[in-house]
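Structural overview for review
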Amino acid sequence: KPGQVRFLVIAAGFTQENLGQAEKTELDAHFENLLARADCTRNWTEKIFRQTEYLLQPNPSARIEEFLYEKLDRKVPLKPTNGELLGQYMQEAAKDFGPGTPYGSTLIKVGECQRRLGGAEQELLHTSAISYLTPLRIFLEGDWRTISKERRLLENRRLDLDACKARLKKAKAAEAKAAVVPDFQDTRPRNYVLSASASAAEQELRVAQTEFDRQAEVTRLLLEGISSTHVNHLRCLHEFVEAQAVYYNQCHQYMQDLQKELRRFPNAFSVSPSATSSANAPAPAVSPGIPLEPEVLQIEEVQPPASGTRKAKVLYDYDAADTSELSLLADELITVYTVPGMDSDWLVGERGNQKGKVPVTYLELLS
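For the structure given in this document, a descriptive report is provided here. All of these numbers come straight from a predicted model, not from anything done at the bench. (Residues numbered from 1 in each chain as written. Predicted model: local features only at pLDDT ≥ 70, side-chain atom pairs only at ≥ 80, totals over all residues. Heavy atoms only, no water.)

1. Notes on helix α2 (residues 29-56)
Quick note on the threshold: By definition, any uninterrupted DSSP run of H or I lasting at least four residues is a helix, any uninterrupted run of E lasting at least two residues is a strand, and each is numbered from the N terminus. Expected span of a helix, by definition, is 1.5 Å for each gap between consecutive residues, and there is one gap fewer than residues. Partly exposed residues are those whose accessible area sits between 20% and 50% of the maximum for their type, while under 20% is buried and over 50% is exposed, using a 1.4 Å probe and protein chains only. Think of a polar contact as two N or O atoms within 3.5 Å of one another; within protein, one of them needs to be a possible hydrogen donor and the other a possible acceptor, and neighboring residues in sequence only count if both atoms come from side chains.
Its 28 residues give α2 an end-to-end C-alpha distance of 40 Å, which sits within 8% of 40 Å, the value for a rise of 1.5 Å per residue. Listed as buried for α2 are Phe31, Leu34, Leu35, Ala38, Thr41, Thr45, Phe49, Thr52, Glu53 and Leu56. For α2, the N-terminal capping position is held by Asp28, with its side-chain oxygen 3.1 Å away from the main-chain nitrogen of His30.

Structure representation (structure tokens):
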């Protein structure tokens, strides 16, 4: 069959080239650079695509499930994220523990924050899939497959061309050898056949060269399109970074809001150093009907200790919850110190004539 014969001719030409027995048509340097650039683009795009998938969805079972739904052209069912599930469990636990207890009320607040974090993650996954992963997948499964198909066709055309060159070279050599033989009557028919064979080989070579040039031009245009692919992927990369920035900003804001809310809750588990040292002391006598008021730190009466003060750099903005606290602005420098009996999570901060409690976690203490 013609197809089988052509395959055998191509295979024979490929084998002869590898053994150094046939001439190989070389592509120009620009074309070779385009090929190398395309291969590099494909390799790194595939690695980036896979690693982005792992980043957004670490669960391999979930990735396989999404892949199957995609191949079946069906919509992936929306499932809650781990953060949303955690928030749901916390809020359900608060109902059993008692929403009015310190633990239960805190679980409700933290659970709501976790659900909001999970919702932000869900939005990141959705946005990243549309704006970043989908364009990369389209390139790998669409554009690159087209390029690979045309490159295979070009390789076949090159092997055809090399085979035609080899046949013409062989026919010319035979014709030249016959030309040096004396012109006897019985050699004329053979010389005519050799000349006709060389002419046919030349015609085949012209056809093969035309087909090779046409396929090389098609392949070159596709390879030059890689530059447009880079521009498109650059735009998608910016959108991916923007989606991540929005997500992390949301998470940071949610956690800051949660911290502020928790500071207003009764802290049932914090015990001051003075309280621990006097835990076994007898309780003071209290007159009936007179409630025992806790000792309140009068911030305006606090003075720097004899041991001195330190400078601290503010890491994040902080809004004071009451008049005993000091509001902070990120990157500013303040003076801080501690006083006996004060919670270890807090320091006294001073900025000019302003004074108040500041959370340690918002500061970077300087030497």
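Back to the write-up after that little detour.
2. What about the packing of aromatic side chains?
Selection criterion: When two rings of Phe, Tyr or Trp (its six-membered ring) have centres within 6.5 Å they constitute a pair, described as stacked for plane angles under 30 degrees, edge-to-face for angles over 60, and tilted for the intermediate range. Either the NZ atom of lysine or the CZ atom of arginine qualifies as a charge over a ring when it sits within 6 Å of the ring centre and within 35 degrees of the ring normal.
As enumerated under the stated definition, the model contains six aromatic pairs in all. When the ring of Tyr316 is compared with that of Tyr362, the centres are 5.7 Å apart and the planes differ by 90°; the resulting orientation is edge-to-face. Here Tyr316, found in the loop between β1 (310-314) and β2 (333-337), pairs with Tyr362, found in the loop between β4 (354-359) and β5 (363-365); they are 46 residues apart in sequence, far enough to count as distant. Taken together, the aromatic side chains of Tyr316, Tyr318 and Tyr362 make up a single cluster linked through ring pairs. The ring of Trp346 carries Lys357 above its face, with NZ or CZ at 5.3 Å from the centroid.

3. Focus on the sheet that holds strand β3 (residues 346-351)
Put simply, the rule is: Pairing between strands requires that DSSP locate at least two bridges from one strand to the other. Interaxial angle, 0 to 180 degrees, is taken between N-to-C directions of lines fitted to C-alpha atoms, where a helix line uses only the stretch in contact.
The sheet built from five strands is open, its strands ordered β4-β3-β2-β1-β5 with antiparallel pairing. Looking at strand neighbours, the two that pair on one side only are β4 and β5, the edges of this open sheet. Across this sheet, the average inter-strand angle for adjacent strands is 40°, counted without regard to direction. By the bridge criterion, three bridges tie β1 to β5 in an arrangement that is antiparallel. Residue pairing across strands places Ala312 opposite Leu365, the latter belonging to β5.

Coordinates in, geometry out; function isn't part of it.
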